[in-house]
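Given next are the chains, with one letter for each unit.
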Number of protein chains: 2
Amino acid sequence: MPMHHHAETEEEKVLAANLAFYEAFRSLDIVRMEAVWLQEDWVRCLHPGWELLLGWEEVQRSWAAIFHSTSQILISISRPVVQIVGETAWVSCLEDVTTAQSDDISSALIETTNIFVRYRGRWLLVHRHTTPLPGKTDSSPDRILQ
Amino acid sequence: MPMHHHAETEEEKVLAANLAFYEAFRSLDIVRMEAVWLQEDWVRCLHPGWELLLGWEEVQRSWAAIFHSTSQILISISRPVVQIVGETAWVSCLEDVTTAQSDDISSALIETTNIFVRYRGRWLLVHRHTTPLPGKTDSSPDRILQ
């Protein structure tokens, strides 16, 4: 079939912004992570196992710390569901995450809500809320053998 | 000081809608809970320890089931933080919840995001995402003694 250029729908743009966030996460590159967030004092982030972070300064610092302590991360997402109301959109998705931190490898299935706001035509992340699903967080056998 | 009627700000209206949700929750009255949600097929709810529910039908059924199995509930909330963008608003708050189900009493501290949409002038709940905070969920001594 021939390729067609087509106007991306807003839903596709939101899904692309969501994927860009996960690309930034996988890259462990703080500059890329900074580029996908709206850098305002009202953005918020609940990382798995953390307390809620309020404002870009705290959120930025948390990503810098996570990237500093993480040597490698694998993330795949499934079941993304988008809702758009005006200039706001939110995506629910399941993250399958495996992280290597120092000599510890762990896996988790995480239910996530990411909220985006359209700013100057770009969908930027403003709120992230994660929940590790019970019974689906595993330490690696390596960890157990130590 | 004399009482003044004053125009409620939108932020106050969102906080009132959030409180109305918790009032409905405490009442264990499904009719009151139905009144605070937007009843659309795209609303979503992640109850603590559940999988994500998609659409009003599933969400309504879940509340009916929870209310059926709960004899009493105590909920207080703290640190509500509101952000409004156009017709959408989201509230982060901490829930301190104690529930009695059959002969089991349990307490939990839950970090929550509630998303509201303004529909015909009313802020209605459209998305709820909860995370029990680790190490802050307790079974009651009663449970341990059984």
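Preceding this section is the structure that the text describes.
### Here we look at the relation of the copies chain A and chain B
Put simply, the second copy of the chain is the first one after a rotation about an axis and a shift along it. In the superposition of chain A on chain B (RMSD 0.0 Å, axial shift 0.0 Å), the rotation amounts to 180°. Such a turn and shift between the copies fits a two-fold axis. Residues of chain A ranked by C-alpha distance from the rotation axis are headed by Thr131 of chain A, positioned 2.7 Å from it. Of all interface residues in chain A, 100% are interface residues in chain B too; the two copies therefore contact each other through one and the same surface.

### Considering unusual backbone geometry
Positive phi, close to 55°, is recorded for Leu28 of chain A, a residue that is not glycine. Mapped onto the fold, Leu28 of chain A is located in the loop between α1 (10-27) and α2 (30-36).

### Let's talk about the packing of aromatic side chains
Under the counting rule described, the total for this entry stands at 16 aromatic pairs over all chains. Where Phe21 of chain B meets Tyr22 of chain B, the ring centres are 4.7 Å apart and the plane angle is 70°; that geometry is what we call edge-to-face. With respect to burial, Phe21 of chain B and Tyr22 of chain B carry one shared label: buried. Taken together, the ring pairs connect Phe21, Tyr22, Phe25, Trp63 and Phe67 of chain A into an aromatic cluster.

### Some thoughts on the nonpolar core
Where a protein is soluble and globular, its nonpolar side chains tend to be buried together. Judged by nonpolar contacts, the single largest core of 73 residues is most densely connected at Trp37 of chain A together with Trp37 of chain B. If we ignore the near neighbours within four places in the chain, the residues touching Trp37 of chain B are Phe21, Val43, Arg44, Cys45, Trp56, Val59, Trp63, Leu124, Leu125, Val126, His127 and Arg128 of chain B.

### Quick look at the environment of Ala20 of chain A
Residues and elements named next belong to chain A. Take Ala20: it is sitting in helix α1. Residue class for Ala20 comes out partly exposed when judged on its relative accessible area of 34%. When the C-alpha atoms of Ala20 and Ala35 are compared, they prove to be 9.4 Å apart, with 15 residues separating the residues in sequence.

### Focus: helix α1 (residues 10-27) of chain B
Residues and elements named next belong to chain B. Counted at 1.5 Å a residue, the expected span for α1 with its 18 residues is 26 Å, and the 25 Å between its end C-alpha atoms agrees. Turning to α1, its buried residues are Val14, Ala17, Asn18, Phe21, Tyr22, Ala24 and Phe25. Buried positions in α1, seen along its axis, are confined to an arc of 155° and lie on one side of it. As for α1, its buried residues are in contact with α2 (30-36), α3 (56-69), β3 (72-85), β4 (88-101), β5 (104-119) and β6 (122-132). A positive phi of about 55° marks Leu28, the residue just after α1.

Here is what the cut-offs are and how they apply
Residues numbered from 1 in each chain as written. Chains lettered and ligands numbered in written order. Predicted model: local features only at pLDDT ≥ 70, side-chain atom pairs only at ≥ 80, totals over all residues. Heavy atoms only, no water. Least-squares fit on C-alpha atoms with pLDDT ≥ 70 in both. Contact = heavy atoms within 4.5 Å. Helix = DSSP H or I, 4+ residues; strand = E, 2+ residues; numbered from the N terminus. Phe/Tyr/Trp six-rings, centres within 6.5 Å; stacked < 30°, edge-to-face > 60°. Buried < 20%, exposed > 50% of the residue type's maximum accessible area, 1.4 Å probe, protein only. Core = buried A, V, L, I, M, F, W, Y, C linked by side-chain atoms within 4.5 Å. Expected span 1.5 Å × (residues − 1). Arc of directions from axis to C-beta.

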